[in-house]
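# Observations on the model geometry
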Amino acid sequence: MTSLLVIIVLLLVGVAIWQMTKIFDLTQVGANRNRSQIADNKDNNIQGYLMFGFLVFLYIFVIYGLFAWSHLVLIDPASEHGTDYDNLMWITFGVVFFVIAITQALLFYFAFKYRGAEGKQAVYFADNDKLEFIWTIIPVFVLAGLILYGLYTWTNIMFVDEDEDVMYVELYAKQFAWTARYSGKDNVLGKANVRLIEGINTMGVDMEDPNAQDDIATTELHIPKGKKIVFKLRSQDVLHSAFMPHFRAQMNCVPGMVTQFAFRPIMTTDEMRQTEHMIEKVHNINKIRSKKSTELVANGESPLDPYTFDYLLLCNKICGASHYNMQMKIVVDTPEDYQNWLKNQPTIAKTVIDEKIAKAAENAPVATPVIAKKVDSTKVAVVATPIAVK
Ligand SMILES: [Cu+2]
């Protein structure tokens, strides 16, 4: 690494010296200079046409991209606020797209149109108050509008009515896995602290806290459709980010503090699987997988399983070597299915007690098995009081 830095520094020093000699050369007015470095009409034409060519390439590439890859964008948001979020995104995209389409076209077309030519003089244009006023005031209003609209949408998304019937779930991040903790019947998450991590209690839940007694930890996140869920986010080690793209939700998980994001799921996993967009997406993925499977089978390896859609909670902060695989399956159930699933999940208190019992059994002194010793019958014969050996 140090040698790479030294090479870069030497290279930059070299470039600086080269530039300085060029500047020195330019200052030698009237001297007999080498003019090969000065652009002539041919150079200017090449540069001008390259500018125009780039403009054409840029627009063709953008139009191609829109047709070829627009199906990759997630549509059908699975949360209540998702539509507001998507509207904000599409309006911002629209404005940015419109402005870039015009300004880039003008930029590259003018670079082509006003390319240098021998005898052509640049017009000295000091300023134009009217023009400057227009190109300042229009972006001010457009950007202020976008920012205000964004703030309004964000405030609406983040607002949680304390009186509303909500459900509290903790999402606990660590390198490189997620754990969900349900608040149980009391709907209050028990206290937790990283210092209380011990054995099976990997989330550091305070087992002395009465509110923690009914808490449930799972490695798969089940949530009921239609219920507002307030996620409390914690991290054990480094910065992580809980990203649930289908629910248009993302929030950082910061060690030492609790962050929050809330949403109401509006589509069960099964309903999402039935949408036209998802059917097509899964079909396309499976087409790629079956092609890959054919290659694998030809090489004597086992084929890939067909893909079925599931919501995912991903980590969206590069948090270490296995960050790419830090994910948890999310299942949106109907309220009945959710209750059925939840009642089969053991509480953390129970798993901690079970672990203690198992440990105690392991450490308990084991009765030494009685081993019958072989006894030499001749020796037994000389013992005064013979002991019967069974
Ligand atoms: Cu992570």
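Residues numbered from 1 in each chain as written. Predicted model: local features only at pLDDT ≥ 70, side-chain atom pairs only at ≥ 80, totals over all residues.

Looking at an unreviewed UniProt entry, one finds the protein named cytochrome-c oxidase, with Flavobacterium swingsii as its source organism. Quoted verbatim from the Sequence similarities (unreviewed entry) field of the UniProt record, the comment on the protein reads "Belongs to the cytochrome c oxidase subunit 2 family." (UniProt positions renumbered as here; feature names shortened; annotations may be inferred.)

### Concerning the sheet that holds strand β7 (residues 249–253)
The strand order β4-β10-β9-β6-β7 describes an open sheet built from 5 strands, whose pairing is mixed. Among the strands making up the open sheet, the edge pair consists of β4 (221–224) and β7. Ignoring strand direction, the axes of neighbouring strands in this sheet form an average angle of 25°. Bridge count for strand β6 (residues 240–244) against strand β9 (residues 311–315) is 2 bridges, and the pairing is antiparallel. Bridging across to β9, A242 finds its partner in C315. This element, helix α7 (residues 335–342), spans β4 and β10 (327–333) of the sheet and lies at about 140° to β4. (Pairing = 2+ DSSP bridges. Helix = DSSP H or I, 4+ residues; strand = E, 2+ residues; numbered from the N terminus. Axes fitted to C-alpha atoms, helices over the stretch in contact; angles between N-to-C directions. Contact = placed C-beta atoms within 7 Å.)

### Some details on the UniProt feature "transmembrane region" (unreviewed entry) in the protein
The sites that UniProt annotates as "transmembrane region" (unreviewed entry) are residues 6–27, 48–69, 89–112 and 133–152. A distance of 32 Å separates the end C-alpha atoms of residues 6–27, which is 100% helix and 0% strand.

### Quick look at the confidence of the model for the protein
On average, the protein scores 87 in pLDDT, and the residues at 70 or more come to 92%. Low pLDDT, under 50, characterises residues 372–390; the predicted model gives this stretch 6 contacts beyond four residues in sequence or across chains. (pLDDT = per-residue confidence, 0-100.)

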